[in-house]
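A closer look at the structure
Each chain is listed here by its residues.
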Amino acid sequence: MPQSLSFLLVHVVFSTKDRYPFLNETIRGRLHAYLATVVRNAGCECYRVGGVADHVHLAISLSRTSDVAGLVETLKSSSSKWLKAQSITKFSWQCGYGAFSVGLSDRDALLEYIDAQPEHHKKVSFQEEFRTFLSKYGIAFDERYMWD
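In this text the structure is predicted, and so the values were computed from the model without any measurement.

So, about the pattern of salt bridges. Side chains that differ in sign of charge can pair as their charged atoms come close. Evaluated as defined, the whole model comprises 5 salt bridges. One salt bridge in this structure joins Lys122 and Glu119, with 3.2 Å as the shortest N-O distance. Taking the relative accessible area as the measure of exposure, Lys122 reaches 64% and is therefore exposed. Judged by its relative accessible area of 45%, Glu119 is partly exposed.

Quick look at the structure:
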């Protein structure tokens with residue numbers, strides 16, 4: 001085969017440090033647009049960015065030369081600087097993140113899930129949501145090291 005082709009759809013989730021609600025409605029839309037631009041500037045496709053005051057969700061199609069860890073590091077560091085420039089001076093993201101593979105047939109459901117975040121989090125906390133993802137994907141974790 002003379003060329004390399006791939007389709008890697010990833011659901012990325014990360015929170016503000018200590019789940020502090022820095023991301024109010026005023027800044028959230030601009031942050032989501034900024035994050036989508038960072039993803040696209042990295043050569044990947046961003047299908048959706050959403051979330052609530054204490055965390056974000058992204059639906060990303062990785063380019064064949066991208067890696068999740070590097071992209072998330074770029075997203076978090078550049079958006080942290082951007083948020084501080086928007087006068088949110090004490091802002092920081094949590095140290096970790098979640099990244100979950102999603103099949104093409106589940107893309108629309110993922111986009112709907114991300115779009116429904118404000119309604120979803122009227123009933124479910126970020127911690128409950130994240131534990132559900134870890135269980136769904138069979139990822140073992142130690143609760144003592146989950147939250148910062």
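Back to the write-up after that little detour.
Within the element layout of this structure, Ser15 appears in strand 1 (residues 8–15). Residue classification places Ser15 among the buried positions, given a relative accessible area of 0%. Side-chain polar atoms of Ser15 contact the backbone oxygen of Asp54, separated by 3.0 Å. Residues in contact with Ser15, not counting those within four places in the same chain, are Asp54, His55, Trp93, Gln94 and Phe126.

Spatial strand order, 2-3-1-4: 4 strands in an open sheet with antiparallel pairing. At either margin of the open sheet sits one strand with a lone partner, and together these are strand 2 (45–52) and strand 4 (98–102). In this sheet, adjacent strand axes meet at a mean angle of 20 degrees when their direction is disregarded. Lying over the sheet, helix 3 (residues 107–115) contacts strand 1, strand 2, strand 3 (55–62) and strand 4, oriented at roughly 35 degrees with respect to strand 2. Contacts from helix 5 (residues 126–136) reach strand 1, strand 3 and strand 4 within the one sheet, and its direction differs from that of strand 1 by about 145 degrees.

The rules behind each value
Numbers given to residues run from 1 along each chain, matching the order in which its sequence is written. Restriction of local features to residues with pLDDT of at least 70 applies here, the model being predicted, together with a cutoff of 80 or more for giving and counting side-chain atom pairs; totals for whole chains, interfaces and linings are based on all residues. For the side-chain quantities, the full set of heavy atoms in the structure was used; hydrogens and water were omitted. Every case where a carboxyl oxygen of Asp or Glu lies within 4 Å of a side-chain nitrogen of Lys or Arg is listed as a salt bridge. For the exposure calls, accessible area comes from a 1.4 Å probe over protein chains only, and a residue counts as buried if that area is under 20% of its type's maximum, exposed if over 50%, partly exposed in between. Runs of H or I in DSSP of at least four residues are treated as helices and runs of E of at least two as strands, each being numbered from the N terminus. Polar contacts, as counted here, are pairs of nitrogen or oxygen atoms within 3.5 Å of one another; within protein the pair requires one atom able to donate a hydrogen and one able to accept it, and residues that are adjacent in sequence qualify only if both atoms are side-chain atoms. It only takes one pair of heavy atoms within 4.5 Å for two residues to be counted as in contact. Pairing between two strands requires that DSSP report at least two bridges joining them. Angular values range over 0 to 180 degrees, each being the angle between N-to-C directions of two axes fitted as lines to C-alpha atoms, with helices fitted over their stretch in contact.

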